[in-house]
Amino acid sequence: MSATSSLVAKHLKLRHYLLIGALMIAAAAAILLWMGRNPICTCGTIKLWVGETNSSDNSQHIADWYTLSHIIHGFLFYGMLWLVARRTPLGARLLIAILIEASWEIFENTDMVINRYREATIALGYVGDSVLNSVSDILFMVIGFFFAARAPIWLTVVLAIFFELLAAWVIRDNLTLNVLMLLYPLDAVKAWQGAM
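Counting from 1, residues in each chain are numbered in the order their sequence is written. Totals for whole chains, interfaces and linings use every residue, but because this is a predicted model, local features are given only for residues with pLDDT of at least 70 and side-chain atom pairs only at 80 or more, for both listing and counting. Each side-chain value is derived from all of the structure's non-hydrogen atoms; neither hydrogens nor water enter the calculation.

Q: What should I look at first to understand helix α4 (residues 111-120) in this one?
A: Count 3.6 residues to each turn of an α-helix, and residues three or four apart come out pointing the same way. The buried label goes to any residue with under 20% of its type's maximum accessible area, the exposed label to any with over 50%, and the partly exposed label to all in between, with areas taken from a 1.4 Å probe on protein chains only. Put simply, DSSP H or I for four residues or longer makes a helix, DSSP E for two residues or longer makes a strand, and each gets a number counted from the N terminus. Val113, Ile114, Tyr117 and Ala120 are the residues of α4 that are buried. Along the axis of α4, the buried positions cluster into a sector of 150 degrees, meaning they face one direction only. Facing away from the buried side of α4 by over 90 degrees, the exposed positions are Asp111, Met112 and Glu119. Of the surrounding secondary structure, the elements contacted by the buried residues of α4 are α3 (90-108), α7 (175-183) and α8 (187-194). As used here, the arc is the angular range of directions from the helix axis to the C-beta atoms. Contact definition: two residues touch when any of their heavy atoms are within 4.5 Å.

Q: I tried to follow the layout of surface pockets on my own but got confused; where do I start?
A: Gaps left between atoms show up when a probe the size of a water molecule is rolled over them. Of the grid points, spaced at 1 Å and generated over the protein atoms alone, those admitting a 1.4 Å probe that cannot get out make up cavities, while open sets with protein on both sides within 12 Å along at least five of seven lines make up pockets; any residue with an atom within 4 Å of a point is treated as lining. Grid points are joined across faces, edges and corners, and a volume is the space filled by probe spheres set on the points. What the largest pocket holds in volume is close to 830 Å³. Around the largest pocket, the lining comprises 43 residues; the ones closest to its centre are Asn58, Ser59, Tyr66, Tyr117 and Tyr126. Looking at the lining of the largest pocket, the elements with two or more residues in it are α2 (67-85), α3, α5 (131-150) and α7. It is α7 that contributes the most residues to the lining of the largest pocket, seven residues altogether. Any residue that is not Ala, Val, Leu, Ile, Met, Phe, Trp, Tyr, Cys, Pro, Asp, Glu, Lys or Arg is counted as polar, Gly included; the first ten are nonpolar and the last four charged. When grouped by side-chain class, the residues that make up the lining of the largest pocket number 19 nonpolar, 18 polar and six charged. Each pocket or cavity is described by its volume, and for the second largest pocket that value is around 310 Å³. Secondary-structure elements contributing two or more residues to the lining of the second largest pocket are α2, α5 and α6 (153-171).

Q: I tried to follow the nonpolar core on my own but got confused; where do I start?
A: Formed by 29 residues in total, the largest nonpolar core has its most connected members in Phe75, Ile98, Met141 and Phe145. Contributions of two or more residues to this core are made by α1 (3-34), α2, α3, α5 and α6. With seven residues, the top contributor of residues to this core is α2. Joining through side-chain atoms within 4.5 Å is the link that ties buried Ala, Val, Leu, Ile, Met, Phe, Trp, Tyr and Cys residues into a set, and such a set is a nonpolar core. Residues Val113, Ile114, Tyr126 and Leu182 belong to the second largest nonpolar core, which totals five residues.

Below is the structure:
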């Protein structure tokens, strides 16, 4: 096989994985719609960025401060899958990451998890994500996955730490605190977050 035909075969294979990934994301969106999630914000508009976390717009539009967490998901999924399945093609590892992220988006929007956010965190008025926001979260994870696949490990780690510190400073929440407060809520952390 010539170098050109090998490159074409590799390119077609990546396209195949990307197509399957797009179908998986579409399936997740369909499930979320079937669950009764709003397609877009009930305000009727679509915003690229929402910077206010204590707003009915949070988790309803394309990006917000929690987008940083989804990019970090991509970093983590790439790293974990590299450790346990590095001989598996990158496209197949991407599909596994999409499956995990899409499953989380569906689970996160169940009544059980929405109520847990309201009880254990400062997200008292949280009503779940719009389908647009969930799909965007999955796509931001994909961006993080591809970034981690191309960037030096040190840069990915530094960027993840920077994102965590930035979110903690601006909104007093981040991926680490989100997981902590969902699994093992601490009154001191909740008080600190609520003091904004």
